[in-house]
Amino acid sequence: MSVEPGIDVFISTGRYRRLIRERVAVLTHQGAVSRGLDYTLDILVSKGVKPILVLTPEHGFWGAAPAGSEGLGEDVIHGVPASSVYRRSPRDVAKMLQGCDVLVVDLQNVGVRFYTYLTELRKVLEAASIAGVEVVVLDRPNPLGGLRVEGPLLRKGMESYVAPYATPVIHGMTLGELAAMISSEEGLGLEPLVVPMKGWRRSMLFPDTGLEWVPPSPALPHFDNAFTYPATALFEGTNVSEGRGTYTPFRVFGAPWLRPRDVASFLQPFIHGVKLREVAFIPRSGKYSGRMCRGLYLHVVDRRAVGLFELGLRLVEATYRLHRDFEWREVGGRSFFDMLVGDPEARKAVEGGWVSEYLASLDDEVQEFEERRKPFLIYS
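The sections below set out a description of the structure shown in this document. All of these numbers come straight from a predicted model, not from anything done at the bench. (Residues numbered from 1 in each chain as written. Predicted model: local features only at pLDDT ≥ 70, side-chain atom pairs only at ≥ 80, totals over all residues. Heavy atoms only, no water.)

1. Considering the overall build of the protein chain
Then, number 1: When you go through the protein chain residue by residue, the secondary structure sums to twelve helices and twelve strands.
Then, number 2: What you see for the protein chain is a C-alpha radius of gyration of 21 Å, in line with the 21 Å of a compact globule of 380 residues.
Then, number 3: Structurally, the protein chain occupies a C-alpha span of about 65 × 45 × 45 Å along its principal axes.
Then, number 4: Counting the 380 residues in the protein chain, one finds 58% classified as buried.
Then, number 5: Long-range contacts, defined here as pairs at least 24 residues apart, represent 75% of the contacts in the protein chain between residues at least 6 apart.
Then, number 6: Carbon and sulfur atoms make up 48% of the accessible area of the protein chain, which totals about 14,900 Å².
Then, number 7: A distance of 3 Å separates the average location of the 44 positive side-chain charges in the protein chain from that of its 46 negative side-chain charges. (Helix = DSSP H or I, 4+ residues; strand = E, 2+ residues; numbered from the N terminus. Rg over C-alpha atoms; globule rule 2.2 N^0.38 Å. Buried < 20%, exposed > 50% of the residue type's maximum accessible area, 1.4 Å probe, protein only. Contact = heavy atoms within 4.5 Å. Areas by Shrake-Rupley, 256 points an atom, 1.4 Å probe, with all protein chains shown as cover. Lys, Arg positive; Asp, Glu negative; His and termini not counted. Charge placed at Lys NZ, Arg CZ, Asp CG, Glu CD.)

Dropping the structure here:
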């Protein structure tokens, strides 16, 4: 079955026509394509919509800029003035939106709280509220599906650019559903118009949609990289390479000092749906650039069986317990691992050897979040 993203529905139903008379801004990137692989921006222009501003997220419109970058000199996109919202405040973005009537949002999200497109969404919703601009969200699939909810809720005081909103690490919501939830819970005084997909069901992972994967960022070239991202990205809070700078980012992890067979043996009782293969790799950039790393490659053999947050925490636990060279990273004087997880207790559980107990303690809050999100769910 082939899913129709929000942009296809927007066009086929004729709902786009009202934008022809409006002053339109578009927040988008190369991952926002139709079923036929045409860019949302191109489609809108071809239908007579005349955007006066293009906004881009982290990595820029073309998804080519590395992590932590806003783009590669992209001040004009398809002949339209462009500005990045990455690392900008809501008030800065509100100033960008002055003179606009409508903001159209079309981003391919990854389904993980610490992927910054959730941050960009929350920011532009607040900015639109400040500027008095209507918001239209063209929805598209959550690659991890709509049923998987894993990890702790963001703890109070742990907010950051990679932890913008109180969801679990894996939230199981589409960008349109999140837009409705944030707008309501934050009391922003706006009701975004969400254009739903046609044919998407919560049980669908991205390969089930019949759509082509277009990389939303450089380190997620294929769906398989995005699937293991919520697990191996936790290594970004450590001195273990998460595979950036290799051809298989987020599918491998390692370090010059890591003992892969010991790690695999430690992990055997705890992981399901994944096979680990010993590898060696030399990153071209990032941690240990130009140095030989020993590590493990993750082969996901049963996507439904694997618990991604548990897998990530177990991977970190194994490397911590077995290697004296293991270190936690800090960013701005804060534990980056804590920022990613959104809960300092996860690191304490790794250090104290009570990861199983910690994971079991999350069941109730996951269920509470599933109840909390129900009013905002669009798809069954």
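What follows picks up the thread again.
2. Topic: the sheet that holds strand E5 (residues 102-106)
Then, number 1: Read from one edge to the other, the open sheet built from seven strands follows the order E3-E4-E2-E1-E5-E6-E7, with strand pairing classed as mixed. Both outer strands of the open sheet, strand E3 (76-77) and strand E7 (193-195), are each paired with one neighbouring strand and no more.
Then, number 2: Along the sheet, helix H4 (residues 117-131) makes contact with strand E1 (24-28), E5 and strand E6 (134-138), crossing E5 at roughly 170°. (Pairing = 2+ DSSP bridges. Axes fitted to C-alpha atoms, helices over the stretch in contact; angles between N-to-C directions.)

3. Some words on the pairing of strand E4 (residues 80-84)
Then, number 1: Here E4 shows a clear split, with Val-80, Ala-82 and Ser-84 buried on one side and none of Pro-81 and Ser-83 buried on the other.
Then, number 2: Examined bridge by bridge, E3 and E4 share two bridges and lie antiparallel to one another. Within E4, the position partnered with Ile-77 by the bridge is Val-80.
Then, number 3: The hairpin turn running from E3 into E4, its antiparallel successor, is two residues long, and His-78 in that turn takes a positive phi close to 55°.

4. Quick word on H4
Then, number 1: Helix length check: H4 (15 residues) gives 20 Å between terminal C-alpha atoms against 21 Å at 1.5 Å per residue, within 8%.
Then, number 2: Among the residues of H4, Tyr-117, Leu-118, Thr-119, Glu-120, Leu-121, Lys-123, Val-124, Leu-125, Ala-127 and Ala-128 are the ones counted as buried.
Then, number 3: Where H4 is buried, its residues meet E1, helix H3 (90-96), E5, E6 and helix H5 (175-185).
Then, number 4: Two residues or fewer past H4, Gly-132 is found with a positive phi of approximately 70°. (Expected span 1.5 Å × (residues − 1).)

5. Some points on the nonpolar core
Then, number 1: Membership of the largest hydrophobic core comes to 103 residues, with the highest contact counts inside it found for Leu-103, Val-105, Phe-114, Tyr-229, Phe-253, Phe-309 and Leu-313.
Then, number 2: For Phe-309, the contacting residues outside a window of four places in its chain are Glu-150, Gly-151, Pro-152, Val-169, Ile-170, Leu-234, Val-341, Tyr-358, Leu-359 and Leu-362.
Then, number 3: Counting 22 residues, the second-largest nonpolar core is a separate cluster that includes Val-9, Ile-11, Ile-43 and Ala-82. (Core = buried A, V, L, I, M, F, W, Y, C linked by side-chain atoms within 4.5 Å.)

6. What to know about the pattern of salt bridges
Then, number 1: What the rule picks out here adds up to 28 salt bridges.
Then, number 2: Among the salt bridges present, the one from Arg-23 reaches Asp-101, with a minimum N-O distance of 2.9 Å. Here the residue Arg-23 occupies a position in the loop between helix H1 (6-12) and E1, and Asp-101 occupies one in the loop between H3 and E5, the gap between them amounting to 78 residues.
Then, number 3: The partly exposed category is assigned to Asp-101, whose relative accessible area is 23%.
Then, number 4: A salt bridge links Glu-345 to Lys-348; its shortest N-O distance comes to 3.3 Å. Here Glu-345 pairs with Lys-348, and both are found in helix H10 (residues 344-352), just three residues apart, close to one helical turn.
Then, number 5: In the salt-bridge network here, residues are joined through shared partners; they are Glu-236, Glu-242, Arg-244 and Lys-287. (Salt bridge = Lys/Arg side-chain N within 4 Å of Asp/Glu carboxyl O.)

7. Notes on the environment of Arg-277
Then, number 1: One can find Arg-277 in strand E9 (residues 274-281).
Then, number 2: Its relative accessible area of 39% is what places Arg-277 among the partly exposed residues.
Then, number 3: In this structure, the C-alpha to C-alpha distance between Arg-277 and Ala-64, residues 213 residues apart in sequence, is 29 Å.
Then, number 4: A polar side-chain atom of Arg-277 sits 2.9 Å from a polar atom in the side chain of His-299. (Polar contact = N/O pair within 3.5 Å; in protein donor to acceptor, adjacent residues only side chain to side chain.)

8. Observations regarding the sheet that holds E9
Backbone hydrogen bonds are what pair the strands of a sheet, in a parallel or an antiparallel way.
Then, number 1: Strand order in this open sheet of three strands is E8-E10-E9, and the pairing throughout is antiparallel. Of all strands in the sheet, those with a lone pairing partner are strand E8 (252-255) and E9, marking the two edges. Each strand axis lies, on average, 25° off the axis of its neighbour in the sheet, ignoring direction.

9. Some details on the environment of Arg-15
Then, number 1: Following the sequence through the fold, Arg-15 ends up in the loop between H1 and E1.
Then, number 2: Remark: the alpha-carbon pair of Arg-15 and Val-195, spanning 180 residues in sequence, is separated by 9.1 Å.
Then, number 3: Apart from the residues within four sequence positions on either side, Arg-15 is in contact with Phe-10, Leu-193, Val-195 and Pro-196.

10. Focus on the side chain of Thr-119
Then, number 1: Residue placement: Thr-119 occurs in helix H4.
Then, number 2: Under the relative-accessibility criterion, Thr-119 is labelled buried at 7%.
Then, number 3: When neighbours within four sequence positions are excluded, Thr-119 is seen to be in contact with Tyr-161 and Pro-164.

11. Concerning the side chain of Glu-4
Then, number 1: Position of Glu-4 among the secondary structure elements: in the segment before H1.
Then, number 2: Judged by its relative accessible area of 15%, Glu-4 is buried.
Then, number 3: Ignoring anything within four residues of it in the chain, the contact list for Glu-4 reads Val-9, Ser-12, Arg-35, Met-197 and Lys-198.

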